[in-house]
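Architecture at a glance
As a plain string of letters, each chain reads:
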Amino acid sequence: MTLFKQYILLSALILFFVGCEEKSESRYNLTYSNKSPISQEVYIFGVHPLHNPKRLFEVYQPLVNYINKNVKGYKLRLEASRNYSAYNKKLFNGYFDFSLPNPYQTIVSLNHGYKVFGKMADDENFRGIILVRKDSNISSVDDIKGKSVSYPAPTALAATMMPQLFLYEHGVDINRDITNEYVGSQESSIMNVYLKKSIAAATWPPPWEAFIKLRPQVAKEVEIKWQTKPLVNNGLVVKSNIAKNVVDDVSKILFTLHEYKEGREILKQMKLTSFESANNSTYEPVEEFLKEFEKDVRPIRKNQ
């Protein structure tokens, strides 16, 4: 092959590969945009320790699943806490977007960026109960003096504060006459009296009814000895900066839950008939209770 022909062939090959490279570059050329990638907002829904974390997920995850099935553009994520102290820390630091606190925690949350938008119905069930073993021979509140009483946590309203005020009103100085054992959960409080670690145990109706169903052989050894008057039930709170349309969506789903078969099944697991609308002023009776409790029994809000 002559030198001229070699030159022509080489030039043709160069042009061929350059053309392929240009096509390849145009095929894989990236386009940049100022728009953010499409993402779904996730709101954290915290429930105070009504049950141990495993049981709480069993009861409340179906509710969160139901809400997520009926909203668009965002989701709720359920979060449990290992005990009241852990839950309080998250709530009072504004960690949750939505939450279901007890009435005491509801009142305190108003000073930490939250507002009330609803509550659990069935206020008549929001009362403290005091359990004893059937074989304990306890007949009056005086019989528990000098002994231990178990509670879930110092900030449990129905299961701790209301029973403690009840005892005070019936002649027991809870700071001098008994030993108060804060054992971390409703189930632990009940188990303490069954195992004879305490002479009495404080809790409230929904966890006691759930305990009867889950552990009937244990529960039959224990009975309700005293119960308190009722108070306003657990609240539903939301951070004040959550968009109104999101709050409205979640509210509508919660407040109509009892109108549908699937919703009624979810509520049944909670031992609840419905959720209902509420606002900050709904909890004024709780504020009055707390004032009386702090005056007569012990301080509760000094660090909140």
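In this report, we go over the structure that sits alongside the text. Quick caveat: nothing in here was measured; it's all calculated off a predicted structure.

What counts, and where the lines are drawn
- Residues numbered from 1 in each chain as written.
- Predicted model: local features only at pLDDT ≥ 70, side-chain atom pairs only at ≥ 80, totals over all residues.
- Heavy atoms only, no water.
- Core = buried A, V, L, I, M, F, W, Y, C linked by side-chain atoms within 4.5 Å.
- Buried < 20%, exposed > 50% of the residue type's maximum accessible area, 1.4 Å probe, protein only.
- Helix = DSSP H or I, 4+ residues; strand = E, 2+ residues; numbered from the N terminus.
- Pairing = 2+ DSSP bridges.
- Axes fitted to C-alpha atoms, helices over the stretch in contact; angles between N-to-C directions.
- Contact = heavy atoms within 4.5 Å.
- Phe/Tyr/Trp six-rings, centres within 6.5 Å; stacked < 30°, edge-to-face > 60°.
- Parallel < 35°, antiparallel > 145°, perpendicular 65-115°, else oblique.
- Left-handed = near helix turned anticlockwise from the far one by under 90°.
- Nonpolar A, V, L, I, M, F, W, Y, C, P; charged D, E, K, R; others polar.
- Expected span 1.5 Å × (residues − 1).
- Arc of directions from axis to C-beta.
- Polar contact = N/O pair within 3.5 Å; in protein donor to acceptor, adjacent residues only side chain to side chain.

**Points about the nonpolar core**
Counting residues in each nonpolar core, the largest one holds 83 residues, and the members touching the most others are Tyr60, Leu63, Leu157, Leu167 and Phe275. In terms of residue count, helix α5 (residues 157-169) provides more of this core than any other element does, 8 residues in total. Residues Ile129, Ile190, Val193 and Trp208 belong to the second largest nonpolar core, which totals 11 residues.

**Overview of the sheet that holds strand β4 (residues 114-120)**
Ordered in space as β2-β1-β3-β10-β4-β11, the 6 strands form an open sheet in which the pairing is mixed. The strands lining the two open edges of the sheet, one partner per strand, are β2 (74-79) and β11 (275-277). Between one strand axis and the next, the sheet turns by 30° as a mean value, whatever way the strands run. As judged from the 2 bridges shared by strand β3 (residues 98-100) and strand β10 (residues 235-239), these two strands associate in the antiparallel manner. Bridging across to β10, phenylalanine 98 finds its partner in valine 238. Sheet strands in contact with helix α9 (residues 244-255) are β1 (41-47), β2, β3, β4, β10 and β11, and its direction is about 15° off that of β4.

**Remarks on the packing of aromatic side chains**
Under the counting rule described, the total for this entry stands at 10 aromatic pairs. Between phenylalanine 117 and phenylalanine 255, the ring centres sit 6.5 Å apart and the planes meet at 40°, which makes this aromatic pair tilted. Placement of phenylalanine 117 in strand β4 and of phenylalanine 255 in helix α9 is noted, with a sequence separation of 138 residues between them. With relative accessibility at 9%, the residue phenylalanine 117 sits in the buried group. By the ring-pair criterion, three or more aromatic residues cluster together here, those being Tyr43, Tyr74, Phe98, Phe117 and Phe255.

**Considerations on the sheet that holds strand β7 (residues 179-182)**
Read from one edge to the other, the open sheet built from 5 strands follows the order β7-β6-β8-β5-β9, with strand pairing classed as mixed. Sheet topology places β7 and β9 (222-227) at the edges, where each strand pairs with a single neighbour. On average, adjacent strands in this sheet sit at an angle of 30° to one another, irrespective of strand direction. Pairing analysis gives 2 bridges linking strand β6 (residues 148-151) to strand β8 (residues 200-203), with the strands arranged parallel. Residue pairing in the sheet places serine 150 in a bridge with alanine 201 of β8. Against the sheet, helix α6 (residues 186-194) makes contact with β5 (129-133), β6, β8 and β9, and its axis sits at roughly 160° relative to β8, the strand it touches most.

**Considering the packing of helix α2 (residues 53-69) against helix α10 (residues 261-269)**
Here α2 crosses α10 at 155°, and the two axes come no closer than 9 Å. One element, α2, and the other, α10, form an angle in the roughly antiparallel class. For α2 against α10, the interelement crossing comes out left-handed. Where α2 abuts α10, its residues Arg55, Val59, Pro62, Leu63, Tyr66 and Lys69 lie against Glu262, Ile266 and Gln269. When the residues that make up the contact of α2 with α10 are grouped by side-chain class, the tally is 5 nonpolar, 1 polar and 3 charged.

**Digging into helix α11 (residues 284-296)**
Look at α11: 19 Å from first C-alpha to last across 13 residues, which is about the 18 Å you get at 1.5 Å a residue. Residues of α11 that are buried include every one of Val286, Phe289, Leu290 and Phe293, and no others. Buried residues of α11, viewed axially, fall in a sector of 100°; they line one side. Seen from the open side of α11, the exposed residues pointing more than 90 degrees away from its buried face are Glu284 and Lys295.

**Examining the side chain of serine 109**
Residue placement: serine 109 occurs in helix α4 (residues 103-109). Serine 109 sits in the buried class, given a relative accessible area of 0%. Side-chain polar atoms of serine 109 contact the backbone oxygen of threonine 106, separated by 2.7 Å. Those residues in contact with serine 109 that lie beyond four places of it in its chain are Leu91, Phe92, Tyr114 and Val237.

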